[in-house]
Amino acid sequence: MPEISVIVPVYRAEDFLEKCVASLLGQTFSDLEVLLVDDGSPDNSGALCDQLAQRDPRVRVFHKENGGVSSARNLGMAQAQGTYLAFADADDWLPPDALEALYQALAQAGGDTAGGSHWRVEVNGSQEQEPGALPPGVYGPAEIRKGIVDRLLGERMGKPGQVLNGFVWRFLFSRRIVQGENITFAGAYLEDELFLLEYFCHAQKLAMVAQPVYCYLQNPVSVTRRYLPDYMETFQAFMQAKEALARRMGLGENLPLWRENSWWSGLLIAIGNEFAATNPASLAEKRRRVKALCQLPPMARAIRAIRPQGLGRNKQMVADLVCRKQFFLLSLLYGWKNRGGGR
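These lines cover the structure that appears in this document, whether it is placed above or below. (Residues numbered from 1 in each chain as written. Predicted model: local features only at pLDDT ≥ 70, side-chain atom pairs only at ≥ 80, totals over all residues. Heavy atoms only, no water.)

1. Quick notes on unusual backbone geometry
- Despite not being glycine, Arg-12 has its phi angle at roughly 50°, a positive value.
- Along the chain, the position of Arg-12 falls in the loop between strand E1 (4-10) and helix H1 (17-25).
- Under the relative-accessibility criterion, Arg-12 is labelled exposed at 53%.
- The backbone of Asn-182 sits at a positive phi, close to 55°, despite the residue not being glycine. (Helix = DSSP H or I, 4+ residues; strand = E, 2+ residues; numbered from the N terminus. Buried < 20%, exposed > 50% of the residue type's maximum accessible area, 1.4 Å probe, protein only.)

2. Things to note about the pattern of salt bridges
- Counted according to the given criterion, the structure contains 17 salt bridges.
- Notably, a salt bridge pairs Glu-243 with Arg-247, separated by 4.0 Å at the nearest N-O pair. One end of the pair is Glu-243 and the other is Arg-247, both in helix H8 (residues 231-249) and four residues apart, which spans about a single turn.
- Here Arg-247 falls in the exposed class, since its relative accessible area comes to 60%.
- When the shortest N-O distance is used, the salt bridge between Arg-289 and Glu-274 registers 3.4 Å. You can see Arg-289 sitting in helix H10 (residues 283-295) and its partner Glu-274 sitting in helix H9 (residues 258-274), a full 15 residues away along the chain.
- Salt bridges sharing partners connect three or more residues here, namely Arg-73, Asp-89, Glu-191 and Asp-192. (Salt bridge = Lys/Arg side-chain N within 4 Å of Asp/Glu carboxyl O.)

3. Points about the packing of aromatic side chains
- The tally for this structure, following the rule as stated, stands at 20 aromatic pairs.
- Between Phe-29 and Tyr-103 the ring centres are 4.7 Å apart and the planes differ by 45°, which places this aromatic pair in the tilted class. Taken together, the positions of Phe-29 in the loop between H1 and strand E2 (32-39) and Tyr-103 in helix H4 (residues 98-109) put the pair 74 residues apart, joining distant regions of the chain.
- Overall, the relative accessible area of 10% leaves Phe-29 in the buried class.
- Note on Tyr-103: relative accessible area 18%, which makes it buried.
- One aromatic cluster is present, built from ring pairs that chain together Phe-87, Phe-171, Phe-173, Phe-185, Phe-195, Tyr-199 and Phe-200.
- Sitting over the ring of Trp-93, Lys-19 keeps its end group 3.7 Å from the ring centre. (Phe/Tyr/Trp six-rings, centres within 6.5 Å; stacked < 30°, edge-to-face > 60°. Lys NZ or Arg CZ within 6 Å of the ring centre and 35° of its normal.)

4. Topic: empty space enclosed by the protein
- Within the structure shown, the criterion is met by one cavity of 30 Å³ or more.
- Roughly 50 Å³ of internal volume is contained in the largest cavity.
- The set of elements that each furnish at least two residues to the lining of the largest cavity consists of strand E4 (84-87) and H4. (1 Å grid on protein atoms, 1.4 Å probe; cavity = no way out; pocket = protein on both sides within 12 Å on 5 of 7 lines; lining within 4 Å. Points joined across faces, edges and corners; volume = space filled by probe spheres on them.)

5. Here's the deal with the state of the cysteines
- Counted under the stated rule, the structure contains zero disulfides.
- No disulfide involves Cys-215; its sulfur sits 11 Å from the nearest other cysteine sulfur, which is in Cys-20.
- Between Cys-294, a cysteine without a disulfide, and Cys-323, which holds the nearest cysteine sulfur, the sulfur-to-sulfur distance is 9.1 Å. (Disulfide = S-S within 2.5 Å.)

6. Quick word on the pairing of strand E6 (residues 127-130)
- One ladder, built from four bridges, connects strand E5 (residues 113-121) with E6; its direction is antiparallel. When the bridges of E6 are listed, His-118 appears paired with Glu-130. (Pairing = 2+ DSSP bridges.)

7. Observations concerning a nonpolar patch on the surface
- A cluster of nonpolar side chains, contributed by Phe-328, Leu-329 and Leu-332, occupies part of the molecular surface with about 280 Å² of accessible area.
- Checked against the element boundaries, Phe-328 lands in helix H13 (residues 327-338). (Patch = residues over 30% accessible without salt bridge, like charges linked within 9 Å, V, L, I, M, F, W, Y side chains within 5 Å. Areas by Shrake-Rupley, 256 points an atom, 1.4 Å probe, with all protein chains shown as cover.)

8. Quick word on the packing of H9 against helix H11 (residues 297-305)
- Relative to each other, H9 and H11 sit at 110°, their axes nearing to 8 Å. The angle between H9 and H11 places the two elements in the roughly perpendicular class. The segment H9 lies against H11, with Glu-260, Trp-263, Trp-264, Gly-266 and Leu-267 engaging Pro-298, Met-299, Arg-301, Ala-302, Ile-303 and Ala-305.
- Across the contact of H9 with H11, the residue classes tally to eight nonpolar, one polar and two charged. (Axes fitted to C-alpha atoms, helices over the stretch in contact; angles between N-to-C directions. Parallel < 35°, antiparallel > 145°, perpendicular 65-115°, else oblique. Contact = heavy atoms within 4.5 Å. Nonpolar A, V, L, I, M, F, W, Y, C, P; charged D, E, K, R; others polar.)

9. Observations regarding the layout of surface pockets
- In this structure, the second largest pocket encloses a volume near 170 Å³.
- In terms of lining residues, the second largest pocket is bounded by Asn-182, Thr-184, Phe-185, Ala-186, Leu-194, Phe-195, Glu-198, Ala-241, Ala-244, Leu-245 and Arg-248.
- Going through the elements one at a time, helix H7 (191-199) and H8 are the ones with two or more residues in the lining of the second largest pocket.
- Looking at which element gives the most residues to the lining of the second largest pocket, the answer is H8, with four residues.
- Tallied by class, residues from the lining of the second largest pocket come to seven nonpolar, two polar and two charged.

10. Side note on the nonpolar core
- Phe-173, Phe-200, Trp-264 and Leu-330 are the most contacted members of the largest nonpolar core, which totals 70 residues.
- Excluding its chain neighbours within four sequence positions, the residues that come into contact with Leu-330 are Ile-271, Phe-275, Val-290, Val-318, Leu-321 and Val-322.
- Residues Val-21, Tyr-84, Leu-99 and Ala-109 belong to the second largest nonpolar core, which totals 38 residues. (Core = buried A, V, L, I, M, F, W, Y, C linked by side-chain atoms within 4.5 Å.)

11. Topic: the packing of H9 against helix H12 (residues 313-323)
- Look at H9 against H12: their axes get within 11 Å of each other, and the N-to-C directions meet at 100°. One element, H9, and the other, H12, form an angle in the roughly perpendicular class. Contacts between H9 and H12 involve Trp-264, Leu-267, Leu-268 and Ile-271 from the first element and Lys-315, Val-318, Ala-319, Val-322 and Cys-323 from the second.
- A per-class count over the contact of H9 with H12 returns eight nonpolar, no polar and one charged.

Rendered as structure tokens:
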């Protein structure tokens, strides 16, 4: 059995997939399998998956009807044979020693989980290192709860430096924990955050490395960059699932504003989504929709309760304009960014 199973959901990925898979098969840590899950892709991705499997016996392919990234990852986890699980998106890639660094750190610490930082790669080739979930070191359950679980749950918008992105692809996970606790992905958006939140309620020892273990391409056609007309319905379903998870795991007792923080986070994403360049609505209509979003009861409560601080420059500008109800200036800001002024 392989030590590591790398799960790659594949959908409309024919332009990127070979580079992704080459980076996995070229790892200095070779005791792995690559599970390509063709999620009913309408392009040539499915056939390309089969071709890649013919070239290397470590590649296994699964074809399924389109069901979204969560269902693809769940199928991959169900079929995985490795002691540890890793994830990659088909338009990204890994540095050559990424899995070895994670595996060695985990083994030396006697841990069940390992994580690192990542490269944020722009389409022009420039890249910037973004920090990992925690600084390099080894962490036990209490430190994991405070440093990851509490930050994922909430109380981060008003605390500089506390925002934690739910990226699953910069960790090695214990398959024993995932399968033993029946942890799965759900939903079409923000599915990473719920998975991490539940997983780290069970992890006992986390080893963090300083080096980047993933290259995250800022693909302009990825699901996180294009306009999603049903985003609010998806986010409301996410909040319901988050509430249920918090109750089941006994989370949030020491974080009285976690819901407001979560709604604020969702609002910032919703605003970016409405002002996306691919949204066909007029600027005036986008502005009206954003104002209506801010008046939704849970969003309005969040705006009254928390004044965000310590965000990235662009998000901080958006949050400040929302707090001041400057929706016209907000639309001008996004109009400027969409014309290339924000680069």
